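# Reading the structure
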Amino acid sequence: METYNEGFFNQSLDITEDIMDLAVEKIFDDLSCDNKGQRVLLERLWDKKNKIEKIVGQLV
């Protein structure tokens with residue numbers, strides 16, 4: 001994320017790690033994982049006809 005003021009670059013902030021942490025927590029919450037060290041397996045699936053990609057998660 002970058003900020004500008006009147007056309008001048010002010011600062012840059014990398015929020016990638018924070019966003020990834022939130023996304024992973026959301027996955028664990030959506031799959032109702034407990035706090036006892038469960039693991040989630042993510043798999044990328046493709047529909048060859050439509051070339052649509054989706055991610056499927058499951059508890060391991």
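Here the structure is a predicted model, which means the values were calculated and not measured. (Residues numbered from 1 in each chain as written. Predicted model: local features only at pLDDT ≥ 70, side-chain atom pairs only at ≥ 80, totals over all residues. Heavy atoms only, no water.)

## Re a nonpolar patch on the surface
Among the surface-exposed residues, Leu-13, Ile-15, Ile-19 and Leu-22 lie close enough to one another that they form a single nonpolar patch of about 360 Å² accessible area. Since its relative accessible area comes to 45%, Leu-13 is described here as partly exposed. (Patch = residues over 30% accessible without salt bridge, like charges linked within 9 Å, V, L, I, M, F, W, Y side chains within 5 Å. Areas by Shrake-Rupley, 256 points an atom, 1.4 Å probe, with all protein chains shown as cover. Salt bridge = Lys/Arg side-chain N within 4 Å of Asp/Glu carboxyl O. Buried < 20%, exposed > 50% of the residue type's maximum accessible area, 1.4 Å probe, protein only.)

## Description of the pairing of strand E3 (residues 40–47)
Pairing geometry for E3 and strand E4 (residues 52–59), over eight bridges, is antiparallel. Residue pairing for E4: Glu-43 is matched across the bridge by Val-56. Counting the residues in the hairpin turn of E3 and E4 gives four residues, including Lys-51, whose phi is positive at 55 degrees. (Pairing = 2+ DSSP bridges. Helix = DSSP H or I, 4+ residues; strand = E, 2+ residues; numbered from the N terminus.)

## Regarding the pattern of salt bridges
Overall, the coordinates contain one salt bridge when judged by the stated rule. Measuring nitrogen to oxygen at the nearest pair gives 2.8 Å for the salt bridge that ties Lys-26 to Asp-30. Highlighted residues: Lys-26 and Asp-30, both in helix H1 (residues 16–30), separated by four residues, approximately one helical turn. Judged by its relative accessible area of 52%, Asp-30 is exposed.

## Concerning H1
With 15 residues, H1 should cover 21 Å at 1.5 Å per step; its first-to-last C-alpha distance of 21 Å lies within 8% of that length. One or two residues past the end of H1 sits Ser-32, with phi positive at roughly 55 degrees. (Expected span 1.5 Å × (residues − 1).)

## Remarks on the environment of Ile-27
Locating Ile-27 in the fold gives a position in helix H1. Setting aside chain neighbours within four positions, we find Ile-27 in contact with Val-40 and Leu-42. (Contact = heavy atoms within 4.5 Å.)

## Let's talk about a negative patch on the surface
Residues Asp-14, Glu-17, Asp-18, Asp-21, Glu-25 and Asp-29 make up a contiguous surface patch of negative charge. By relative accessible area, which is 44% here, Asp-21 ends up partly exposed. (Lys, Arg positive; Asp, Glu negative; His and termini not counted. Charge placed at Lys NZ, Arg CZ, Asp CG, Glu CD.)

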